[in-house]
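Working through the structure, step by step
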Amino acid sequence: MPDILHRVGINVKPKKVFKALSTIEGLRHWWTLETNGDTVKGAIINFGFCEMKVVTSNINKLVKWKCVRGPEDWIGTEVSFQLKYQDNQTFVLFKHANWKKPTDFMHHCSTKWATFLLSLRDWLERNEGRPSPYDIKIHVDD
């Protein structure tokens, strides 16, 4: 099964990155303003266009979700953010795993995930995140 993989270095400590990934307020600053729900293990986070079940929330190390509602290609996929602190920065090792096959939509999602990970970085480093609907558009009518 194909996966989307990205790596972004952020000039803050893991604790700050973890908070942005594991709280509703944090997620609203860089991914989508519509975020609501709960972020504890087993809970559901509603992002408006999809819902993710929290699989793992390892403080300052790992956040992992499983898609339970959303675009058909996303159902059953898993999204993870592994945090590694080295060289005075926190690296986010991102994975959107278990796609059934590579499709045009997967290519689109890969690019969108990259823009949102840069939104995460910009919010944490400069307080300038670009969550949806203010995100970077990658095609007409995006």
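One can find the structure itself at the top, above this paragraph.
Below, the structure is looked at part by part. In this text the structure is predicted, and so the values were computed from the model without any measurement. (Residues numbered from 1 in each chain as written. Predicted model: local features only at pLDDT ≥ 70, side-chain atom pairs only at ≥ 80, totals over all residues. Heavy atoms only, no water.)

1. Brief notes about the pairing of strand E6 (residues 78-86)
In terms of strand pairing, strand E5 (residues 62-69) meets E6 through 5 bridges, oriented antiparallel. Opposite Lys66, over in E6, you have Glu78 as the bridge partner. The pairing of E6 with strand E7 (residues 89-97) spans 9 bridges and is classified as antiparallel. Following the sheet pairing, Phe81 is matched in E7 by Phe94. Linking E6 to E7, which pair antiparallel, is a turn of 2 residues; within it Asp87 sits at a positive phi near 55 degrees. (Pairing = 2+ DSSP bridges. Helix = DSSP H or I, 4+ residues; strand = E, 2+ residues; numbered from the N terminus.)

2. Re the environment of Asn58
Mapped onto the elements, Asn58 comes out in strand E4 (residues 51-58). Separated by 44 residues in the primary sequence, Asn58 and Pro102 have C-alpha atoms spaced 30 Å apart.

3. Points about the sheet that holds E4
Adjacent strands of a sheet pair through backbone hydrogen bonds, lying either parallel or antiparallel. Across the sheet, 7 strands lie side by side as E1-E7-E6-E5-E4-E3-E2; this open sheet has antiparallel pairing. The open sheet has two edge strands with one neighbour each: strand E1 (4-10) and strand E2 (36-37). Where strand E3 (residues 44-46) lies against E4, 3 bridges are found, and the strand directions are antiparallel. Bridge pairing in E4 links Ile44 to Lys53. Strands in contact with helix H3 (residues 104-126) are E1, E6 and E7; relative to E1, the strand with the most contacts, it is inclined by about 15 degrees. (Contact = heavy atoms within 4.5 Å. Axes fitted to C-alpha atoms, helices over the stretch in contact; angles between N-to-C directions.)

4. Describing the environment of Leu117
Relative to the helices and strands, Leu117 resides in helix H3. Separated by 13 residues in sequence, Leu117 and Arg130 place their C-alpha atoms 9.9 Å apart. With residues near it in sequence (within four places) discarded, Leu117 still touches His6, Val8, Phe81, Val92 and Phe94.

5. Observations regarding unusual backbone geometry
Between Ser132 and Pro133 the backbone carries a cis peptide bond, its omega angle lying at 15 degrees. For Pro133, the location among the structural elements is in the segment after H3. Although it is not a glycine, Asn88 sits at a positive phi angle of roughly 60 degrees. Position of Asn88 among the secondary structure elements: in the loop between E6 and E7. Residue Asn88 is classed as exposed on the basis of its relative accessible area, which comes to 62%. (Buried < 20%, exposed > 50% of the residue type's maximum accessible area, 1.4 Å probe, protein only.)

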